[in-house]
Structures are given as structure tokens and as C-alpha cells.
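Coordinate analysis (summary)
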Amino acid sequence: LTGRPARVNEVFKTETAIKDWENIVSRYGQTLPDDDDENLNARSIPRRFNPKLVSIVTKRRICQIAAIDYCCLNFKLPMECD
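Because the structure is predicted, anything quoted here is derived from the model rather than measured.

A word on the overall build of the protein chain
- Across its full length, the protein chain holds two helices and zero strands.
- For the protein chain, the proportion of its 82 residues judged to be buried stands at 6%.

Examining the state of the cysteines
- Under the definition given, this model contains one disulfide.
- Each disulfide pairs two cysteine sulfurs, and for Cys63 the partner residue is Cys81, the sulfurs being separated by 1.8 Å. As the torsion about the S-S bond is roughly -80 degrees, the Cys63-Cys81 disulfide counts as left-handed. Remark: Cys81 occurs in the segment after α2 (56-72) and Cys63 occurs in helix α2; sequence separation between them is 18 residues.
- The class for Cys63 is buried, based on a relative accessible area of 11%.

Points about the packing of aromatic side chains
- The full count for this structure, using the stated rule, is one aromatic pair.
- Measuring from ring centre to ring centre gives 6.4 Å for Tyr70 and Phe75, while their planes differ by 75 degrees; the resulting arrangement is edge-to-face.
- The class for Phe75 is partly exposed, based on a relative accessible area of 32%.

Structural notes on α2
- In a regular helix each residue adds 1.5 Å, so 17 residues correspond to 24 Å; α2 covers 24 Å between its end C-alpha atoms and thus fits that length.
- Residue Ala66 marks the point of greatest curvature in α2, where the axis turns by about 60 degrees.
- Downstream of α2 by one or two residues, Asn74 has phi in the positive range, about 60 degrees.

Re unusual backbone geometry
- The phi torsion at Asn74 lies on the positive side, around 60 degrees, for a residue other than glycine.
- Along the chain, Asn74 falls in the segment after α2.
- The class for Asn74 is exposed, based on a relative accessible area of 55%.

Section: the environment of Leu73
- Position of Leu73 among the secondary structure elements: in the segment after α2.
- Each C-alpha atom of the pair Leu73 and Lys13 lies 9.1 Å from the other, and the pair is 60 residues apart in sequence.

Quick look at the pattern of salt bridges
- This structure, assessed with the given rule, holds one salt bridge.
- Across the salt bridge formed by Glu80 and Lys59, the nearest N and O atoms sit 3.8 Å from each other. Here the residue Glu80 occupies a position in the segment after α2, and Lys59 occupies one in helix α2, the gap between them amounting to 21 residues.

Cut-offs used in this document
- Residues numbered from 1 in each chain as written.
- Predicted model: local features only at pLDDT ≥ 70, side-chain atom pairs only at ≥ 80, totals over all residues.
- Heavy atoms only, no water.
- Helix = DSSP H or I, 4+ residues; strand = E, 2+ residues; numbered from the N terminus.
- Buried < 20%, exposed > 50% of the residue type's maximum accessible area, 1.4 Å probe, protein only.
- Disulfide = S-S within 2.5 Å.
- Phe/Tyr/Trp six-rings, centres within 6.5 Å; stacked < 30°, edge-to-face > 60°.
- Expected span 1.5 Å × (residues − 1).
- Bend = angle between axes of the 7 residues up to and from the residue.
- Salt bridge = Lys/Arg side-chain N within 4 Å of Asp/Glu carboxyl O.

Encoded structure:
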């Protein structure tokens, strides 16, 4: 590898993101970091929150606001949106 960025212009479903990233990096002879690698997580621990603390009313309101995004991107709606 050269250390230079590699262009990736593919779209994958979020449900299969890990498998899809494994396929991408394998093309370059690499592997994803181990699950316990702290660099794999998108947010540091202090910035994470517990979604169980969000009320169902708030979750449904978020569903209303984001519904068009779910439809346009062909994402399955969360159970709380039903």
C-alpha cells in the first residue's frame, strides 16, 4: 500500500456493512482491525449514549422526522416506527 487514499464508489446496505467492508479491504490485501480495537468504533466512549434512555415518544418523533431518509435510502424502518 502507498498510504494514499483509495477511491471507493460503491453503495452497500447498512445491515451488511462489516461484510462489505471486509470485501473492500480484502481487494487491497488488508483486513479490518480486530473488534476490540478502539479505533474501529466511530465514537469515543464518553460520546456514546444509551438508547434505552430515549422514550418511545421521542423515538417515534425521530421516525417522523427521518422517514423520508429511510424511504429514499431504502433502509428498513426501526421497530419503533411501526
